[in-house]
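The primary structure of each chain is shown beneath.
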Amino acid sequence: MIEVMIQQLMEKYPEIIYGFTDISYSPYASEYKSALVLAVPYGEQLTLKNYSEERFEKGIQHARKVLEEILIQISEILDKYKVKYYIPPVAQNSEEDLIAPFSFKYAAINAGLGWIGKNDVVITEKYGPRVRLSAVLINEPFTYGQKITKSNCPDSCRKCVDICPCQALYNTNWDIDTLRSDMIDYKLCNQRRSLYLEKHGRKNACGLCIAACPVGV
């Protein structure tokens, strides 16, 4: 019943990609059986032709608002039927390791929403990497998506790698055993983006590696 009700809700948002996955791989598996994973397209699907940091940040904020709206409705359904659930935070535990409590990226590939690109973000067939991810951990079984275990990025493509202003990407073609540290110098990326904080009150959105991706445009 819960799965059907979530599907009916998502029919109101045909632009959003979603799927279910078991989370037996996660420390949260002792409390929750599944994750509902959502990929909301940015408000504007930017390419390098129309990219600016400000427009990219605006698109991110639009997707965040849509996600908040959906998560409220999902929570209402689960509360109504007294189903145990948890919405993990987006933020990392610390600025040192930059590891979130629950990986939306790993849940997305397990749910079959996409693969990890050379820019270390989820690439969907429909939108490329131009999506914002979220997840709801739910203590119910669902019909799970087909796990994706290797990249669909061509070996020869390095558009995201070459555009990176701090040269943080290693041109690694991902598979399920690839570590984040094999793909990106994530501390360098975060350090450069954090230079924006003092003047603007937020990190630089820096979506150049996303705007450069040819998938989904």
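Structure report, in brief. (Residues numbered from 1 in each chain as written. Predicted model: local features only at pLDDT ≥ 70, side-chain atom pairs only at ≥ 80, totals over all residues. Heavy atoms only, no water.)

**Here's the deal with the packing of aromatic side chains**
The following threshold applies: Here a Phe, Tyr or Trp ring, Trp counted by its six-membered ring, pairs with any other such ring whose centre lies within 6.5 Å, and the pair is stacked when the planes are under 30 degrees apart, edge-to-face when over 60, and tilted otherwise. When a residue's accessible area, from a 1.4 Å probe over protein chains only, is under 20% of the maximum for its type it is buried; when over 50% it is exposed; and in between it is partly exposed. We call a charge positioned over a ring when the NZ of a Lys or the CZ of an Arg lies within 6 Å of the ring centre and within 35 degrees of the ring normal.
For the structure shown, the criterion picks out eight aromatic pairs. Each ring, one from Y51 and one from F56, has its centre 6.0 Å from the other, and the planes form 45°; the classification is tilted. Assessed through its relative accessible area of 18%, Y51 is described here as buried. Grouped by ring-pair contacts, the aromatic residues Y28, Y32, Y86 and F102 constitute a single cluster. We note K84 situated over the ring of Y32; from NZ or CZ to the ring centre the distance is 5.3 Å. Geometry around Y186 places R180 over its ring, the cationic atom sitting 3.5 Å from the centre.

**Remarks on the sheet that holds strand 3 (residues 85–86)**
Convention followed: The pairing criterion is simple: DSSP has to find at least two bridges between the two strands. Comment: elements are numbered from the N terminus, with helices defined as DSSP H or I runs of at least four residues and strands as E runs of at least two. Should any heavy atoms of two residues lie within 4.5 Å, those residues are counted as being in contact. To obtain an axis, a line is fitted to C-alpha atoms, over the contacting stretch when the element is a helix, and the angle between two such axes runs from 0 to 180 degrees between their N-to-C directions.
Taken together, the four strands give an open sheet; going across it, the order is 1-2-6-3, and neighbouring strands pair in antiparallel fashion. Two strands lie at the open edges of the sheet, namely strand 1 (17–22) and strand 3, each paired on one side alone. Across eight bridges, the pairing between strand 2 (residues 34–41) and strand 6 (residues 131–138) is antiparallel. Note that in strand 6 the partner of A39 across the bridge is L133. The sheet strands contacting helix 1 (residues 2–10) are strand 1, strand 2 and strand 6, and the helix crosses strand 1 at an angle near 160°. Contacting strand 2, strand 3 and strand 6, helix 2 (residues 53–80) crosses the sheet at an angle of about 15° to strand 6.

**Quick look at the packing of helix 1 against helix 2**
The condition that has to hold: Roughly parallel refers to an angle under 35 degrees, roughly antiparallel to one over 145, roughly perpendicular to one between 65 and 115, and oblique to any angle outside these ranges. Crossing handedness: left-handed means the near helix sits turned counterclockwise from the far one by under a right angle, and right-handed means the same turn made clockwise. All residues other than Ala, Val, Leu, Ile, Met, Phe, Trp, Tyr, Cys, Pro, Asp, Glu, Lys and Arg, Gly among them, are scored as polar; the first ten of these are nonpolar and the last four charged.
Taken N-terminus to C-terminus, the directions of helix 1 and helix 2 make an angle of 155°; their axes are 11 Å apart at the nearest point. Taken together, the axes of helix 1 and helix 2 are roughly antiparallel relative to one another. Judged by the twist between their axes, the crossing of helix 1 over helix 2 is right-handed. Along the contact surface, helix 1 presents I2, M5, L9 and M10, while helix 2 presents I70, Q73, I74, I77 and L78. Looking at side-chain class alone, the contact of helix 1 with helix 2 contains eight nonpolar, one polar and no charged residues.

**Side note on the nonpolar core**
Heads up, the rule is: Working definition of a nonpolar core: buried Ala, Val, Leu, Ile, Met, Phe, Trp, Tyr and Cys residues. They are joined through side-chain atoms within 4.5 Å.
One finds I6, L36, L38, F56, I70, I74 and I138 to be the most contacted residues of the largest nonpolar core, which totals 38 residues. For this core, the secondary structure elements donating two or more residues are helix 1, strand 2, helix 2, strand 6, helix 4 (159–163) and helix 8 (208–211). With 10 residues, the top contributor of residues to this core is helix 2. Grouped together as the second largest cluster of nonpolar side chains are 27 residues, I23, Y32, V37 and I109 included.

**Remarks on the pattern of salt bridges**
Going by this rule: Here, a salt bridge means any Lys or Arg side-chain nitrogen found within 4 Å of an Asp or Glu carboxyl oxygen.
For the structure shown, the criterion picks out six salt bridges. Notably, a salt bridge pairs R202 with E53, separated by 2.7 Å at the nearest N-O pair. Taken as a pair, R202 in the loop between helix 7 (197–200) and helix 8 and E53 in helix 2 lie far apart in primary sequence, 149 residues in all. Residue R202 is classed as partly exposed on the basis of its relative accessible area, which comes to 24%. Among the salt bridges present, the one from D120 reaches K105, with a minimum N-O distance of 3.0 Å. Of this pair, D120 sits in the loop between strand 4 (115–116) and strand 5 (122–123) while K105 sits in helix 3 (residues 104–110); the two residues are 15 residues apart in sequence, bridging distant segments of the chain. Overall, D120 belongs to the buried group, its relative accessible area being 10%. Taken together, the salt bridges that share partners define one network made up of E53, E57 and R202.

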